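Now for the letters of each chain:
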Amino acid sequence: MFTVGIDVGSVTTKAVLLNGKDWRYVIRPTGCSPRQAGKEAFEELLGRDGLAQEDISGVIGTGYGRISLPFIDKAVTEITCHARGAHHLLAGADMVIDIGGQDSKVILTDGRGNVINFAMNDKCAAGTGRFLEVIAAALGADVSELAEKARGAEPVQISSMCTVFAESEVISLLAQGVDKGKIIAGIHRSVASRVAAMAERLGQGELIIFTGGVAKNEGVKEFLSRELGRDIIVAPESQLAGALGAALLAREKPVRKER
Ligand code: ADP
């Protein structure tokens, strides 16, 4: 039985094809058309195995672009999908910290993939992947290089809460000759402390998994762990938690619409 989950995020579109214990995926940039990105990811995923949509028992869409996908059977919120996917990546996880391109969220679960409570920041870029992208651009670096550049550096204090002001602050720190690594470490700590505060307001989890594209950043992970005083687990497929959760949910309850 094949099912598909598609997570159309603000930065990347992720599609997962699930078949028994096996799953495979496609990740591509969302660009300016979530609908097109979702369609292309779906077609690429099916095309690789020579499958047609008739071969798929259910397709669930999630992420901010989910409503723009005409071919899905059902749309489900990211919170529900992330909780389910995270449980698959780390059995027993009871807290999911997700930092994506334009939002961050903390989800408390029952340890079996069901949501108990959550908190979300989707109003402000600070504490999201977008914040890191803006700062990386100001430093002439790519987000994927930030952790390496800051390895072992003592963080400088970044006092601006707002992305635009933080960008100016970084530029002026550079002009004062402050070491880039220390600035980046300060930025990592700033993202981590915002999200950790959200997690603490919600209540602490015992087994915490970090998901979303920002989970690839070791520096943010390190500071999150320090701020929360706990280990945090990142799975290699952490960025796929939402799409994987959607594919799992499509398998657990029939969702197929008559076409
Ligand atoms: P969304 O679901 O909102 O599209 P993602 O969960 O895909 O977002 O996360 C996108 C963010 O992940 C980017 O804004 C960037 O900050 C971060 N990111 C993506 N790839 C990497 C990488 N290789 N290293 C560090 N950070 C990354």
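Above this text is the structure in question.
Residues numbered from 1 in each chain as written. Predicted model: local features only at pLDDT ≥ 70, side-chain atom pairs only at ≥ 80, totals over all residues. Heavy atoms only, no water.

Enquirer: Tell me about the layout of surface pockets, residues and numbers included.
Expert: Computed from the structure, the largest pocket encloses a volume of approximately 670 Å³. If you trace the largest pocket, you find 32 residues lining it, with G100, G101, G213, V214 and Q239 closest to the centre. For the lining of the largest pocket, the elements supplying multiple residues, two or more each, are β1 (2–8), β2 (12–19), α2 (78–89), α3 (129–138) and α4 (146–150). At 3 residues, the largest contribution of residues to the lining of the largest pocket is made by α3. Each residue belonging to the lining of the largest pocket can be placed in one class, and the counts come to 8 nonpolar, 14 polar and 10 charged. Its boundaries defined by the atoms lining it, the second largest pocket holds a volume of some 220 Å³. Around the second largest pocket, the lining is made up of 14 residues, and of these A150, R151, G152, G219 and E222 lie nearest the centre. If you list the elements that add at least two residues to the lining of the second largest pocket, you get α4, α6 (180–202) and α7 (218–228). Among the elements that take part in the lining of the second largest pocket, α7 stands out by supplying 5 residues, more than any other. (1 Å grid on protein atoms, 1.4 Å probe; cavity = no way out; pocket = protein on both sides within 12 Å on 5 of 7 lines; lining within 4 Å. Points joined across faces, edges and corners; volume = space filled by probe spheres on them. Helix = DSSP H or I, 4+ residues; strand = E, 2+ residues; numbered from the N terminus. Nonpolar A, V, L, I, M, F, W, Y, C, P; charged D, E, K, R; others polar.)

Enquirer: Describe empty space enclosed by the protein, naming the residues involved and giving the relevant values.
Expert: Summed over all chains, the structure comprises 1 cavity of 30 Å³ or more. What lines the largest cavity is A126, G127, F131, S160, M161, S190, V191 and R194. No other element matches α6, which puts 3 residues into the lining of the largest cavity.

Enquirer: Lay out the packing of aromatic side chains in plain terms, naming residues and giving numbers.
Expert: Under the criterion given, the structure shown has 2 aromatic pairs. On the numbers, 6.4 Å between centres and 45° between planes, the contact of W23 with Y25 is tilted. Residue W23 is classed as partly exposed on the basis of its relative accessible area, which comes to 21%. Under the relative-accessibility criterion, Y25 is labelled partly exposed at 40%. Relative to F71, the ring of F42 has its centre 4.4 Å away and its plane inclined at 10°; by these criteria the two rings are stacked. Here the residue F42 occupies a position in helix α1 (residues 34–48), and F71 occupies one in the loop between β4 (56–62) and β5 (74–75), the gap between them amounting to 29 residues. For the residue pair F42 and F71, the accessibility class agrees, reading buried in each case. (Phe/Tyr/Trp six-rings, centres within 6.5 Å; stacked < 30°, edge-to-face > 60°. Buried < 20%, exposed > 50% of the residue type's maximum accessible area, 1.4 Å probe, protein only.)

Enquirer: I'd like a description of the site of the ligand, backed by residues and values.
Expert: Contacts to the ligand come from 17 residues, most closely from V11, T12, K14, E133 and Q239. Between the ligand and G213, the relevant distance is 2.8 Å, taken from an oxygen atom to a main-chain nitrogen or oxygen of the residue. The separation between an oxygen atom of the ligand and a polar side-chain atom of Q239 is 2.8 Å. With the chains in place, 86% of the 580 Å² that the ligand exposes on its own is no longer accessible. Because more than half of its atoms lie within 2 Å of the grid, the ligand is assigned to the largest pocket. The set of elements that each furnish at least two residues to the shell around the ligand consists of β2 and α3. Broken down by class, the residue content of the shell around the ligand amounts to 3 nonpolar, 11 polar and 3 charged. (Near = heavy atom within 4 Å. Polar contact = N/O pair within 3.5 Å; in protein donor to acceptor, adjacent residues only side chain to side chain. Areas by Shrake-Rupley, 256 points an atom, 1.4 Å probe, with all protein chains shown as cover. Sits in = over half its atoms within 2 Å of the grid points.)

It is worth stressing that arrangement in space is one thing and function is another; only the former is reported here.
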